Amino acid sequence: MVACANVGVLGLLFVFMCLLRRSDAIWLSLPASGTKCVSEEIQSNVIVLADYVVISDDHVHAGPTISAKVTSPYGNNLHHKENVTHGQFAFTTTEGGNYLACFWRESLNAGVGDISINIDWKTGIDAKDWDSIARKEKIEGIELELRKLEGAVEAIHENLIYLKTREAEMRIVSETTNARVAWYSLMSLAVCILVSAAQIWRLKRFFQKKKLI
């Protein structure tokens with residue numbers, strides 16, 4: 001009975017981890033000119049870790065270089081590198097919104113054809129170094145998987161709270177916009193009535209002067 005219970009717990013953990021684990025690898029095809037960006041909406045106080053590398057089919061000559069820049073929703077510069085073939089950026093978000101990572105080619109190798117960039121973007125629970133945590137706290141096996149599952153549940157809970165807050169903010173904005181539109185419509189209707197009344201009065205005065213009425 002105990003063995004069956006352990007198997008059931010392990011099976012449940014496996015299903016949960018398969019559902020929660022996702023691949024954050026992104027491939028970008030960067031043209032000779034122009035900029036390509038990726039973005040993700042992230043709430044505040046979340047760890048972000050990403051690695052990027054230029055993939056080139058030419059193994060004889062030096063690979064083409066790129067520039068990379070990461071900005072926060074309010075335009076703060078979080079990472080900026082030039083003339084590199086690979087790099088990494090890591091930070092903890094201080095504001096909620098869309099975080100933008102942009103990549104472009106250096107002018108020296110702009111004549112080369114399209115190149116590929118691999119971006120391994122991790123946020124929240126995925127960005128944690130579980131190996132270091134396991135060594136530090138001396139946990140392994142099913143206990144480590146339970147810690148991962150606990151962290152994933154907490155991340156989902158925090159994300160739901162963030163989405164609920166965003167929904168409330170959007171509802172307030174929508175209600176404010178609707179109220180403004182209603183007032184604008186009433187004001188427009190009032191102006192139309194006043195203009196119509198003024199035109200009728202002027203026409204009446206005109207006809208009276210001409211002694212037509």
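Parameters at a glance
- Residues numbered from 1 in each chain as written.
- Predicted model: local features only at pLDDT ≥ 70, side-chain atom pairs only at ≥ 80, totals over all residues.
- Heavy atoms only, no water.
- UniProt positions renumbered as here; feature names shortened; annotations may be inferred.
- Helix = DSSP H or I, 4+ residues; strand = E, 2+ residues; numbered from the N terminus.
- Core = buried A, V, L, I, M, F, W, Y, C linked by side-chain atoms within 4.5 Å.
- Buried < 20%, exposed > 50% of the residue type's maximum accessible area, 1.4 Å probe, protein only.
- Salt bridge = Lys/Arg side-chain N within 4 Å of Asp/Glu carboxyl O.
- Pairing = 2+ DSSP bridges.
- Axes fitted to C-alpha atoms, helices over the stretch in contact; angles between N-to-C directions.
- Contact = heavy atoms within 4.5 Å.
- Patch = residues over 30% accessible without salt bridge, like charges linked within 9 Å, V, L, I, M, F, W, Y side chains within 5 Å.
- Areas by Shrake-Rupley, 256 points an atom, 1.4 Å probe, with all protein chains shown as cover.
- Phe/Tyr/Trp six-rings, centres within 6.5 Å; stacked < 30°, edge-to-face > 60°.

Following the UniProt record, the feature "transmembrane region" (unreviewed entry) maps to residues 181–201 here. Overall, residues 181–201 shows 100% helix and 0% strand. The separation of its end C-alpha atoms is 30 Å.

Our focus in this paragraph is the nonpolar core. Inside soluble globular proteins, nonpolar side chains tend to come together where they are buried. The biggest cluster of nonpolar side chains holds 22 residues, and the ones touching the most others in it are Tyr-52, Ile-66, Phe-89, Phe-103, Ile-117, Ile-119 and Trp-121. When contributions to this core are tallied by element, the ones reaching two or more residues are strand E1 (25–30), strand E2 (35–42), strand E3 (47–55), strand E4 (66–71), strand E6 (86–92), strand E7 (97–105) and strand E8 (115–123).

The subject of this paragraph is the environment of Glu-150. Residue placement: Glu-150 occurs in helix H3 (residues 141–209). On the basis of relative accessibility, which here comes to 43%, the residue Glu-150 falls in the partly exposed class. Along the primary structure Glu-150 and Ile-125 are separated by 25 residues, whereas in three dimensions their C-alpha atoms are 9.7 Å apart.

Moving on to the pattern of salt bridges. Opposite charge on two side chains lets them pair, provided their charged atoms get close. Under the criterion given, the structure shown has three salt bridges. For the salt bridge of Arg-166 with Glu-41, the shortest nitrogen-to-oxygen distance reads 3.3 Å. With Arg-166 in helix H3 and Glu-41 in strand E2, the pair connects residues that are 125 residues apart, well separated along the chain. With a relative accessible area of 33%, Arg-166 lands in the partly exposed category. Counted as one network, the salt bridges with shared partners bring together Glu-41, Arg-166 and Glu-169.

A separate point is the sheet that holds E8. Each strand in a sheet pairs with another by means of backbone hydrogen bonds, the pair being arranged parallel or else antiparallel. Strand order in this open sheet of four strands is E1-E8-E3-E6, and the pairing throughout is antiparallel. Each edge of the open sheet is held by one strand with a lone partner, namely E1 and E6. The mean angle between the axes of side-by-side strands here comes to 20°, regardless of whether they run parallel or antiparallel. Here E3 runs beside E6; their pairing, made up of seven bridges, is antiparallel. Across the sheet, residue Tyr-52 finds its bridge partner in E6, namely Gly-87.

The next point concerns the side chain of Asn-118. Relative to the elements of secondary structure, Asn-118 occurs in strand E8. Apart from residues no more than four positions distant in its own chain, Asn-118 is found in contact with Ala-25, Ile-26, Trp-27, Asp-51, Tyr-52, Val-53 and Ile-55.

A few words now on the pairing of E8. Strand direction decides the pairing type here: E1 and E8, joined by six bridges, are antiparallel. Bridge pairing in E8 places Ile-26 opposite Ile-119. As paired strands, E3 and E8 are joined by eight bridges and run antiparallel to one another. Residue pairing in the sheet places Val-54 in a bridge with Ile-117 of E8.

Next up on the list: a nonpolar patch on the surface. Taken together, the side chains of Trp-27, Val-53 and Ile-55 make up a nonpolar region of the molecular surface, amounting to roughly 280 Å² of accessible area. By secondary structure assignment, the location of Trp-27 is in strand E1.

Turning next to the pairing of E7. Here eight bridges tie E2 to E7, and the two strands are oriented antiparallel to one another. The residue of E7 that forms the bridge with Ser-39 is Leu-100. Sheet topology note: the E4/E7 ladder contains six bridges and is antiparallel. Counterpart to Ile-66 in the pairing with E7 is Arg-105.

What the rule picks out here adds up to six aromatic pairs. Each ring, one from Phe-89 and one from Trp-121, has its centre 5.7 Å from the other, and the planes form 75°; the classification is edge-to-face. With a gap of 32 residues between them, Phe-89 in strand E6 and Trp-121 in strand E8 connect regions that are remote in the sequence. A relative accessible area of 3% places Phe-89 in the buried class.

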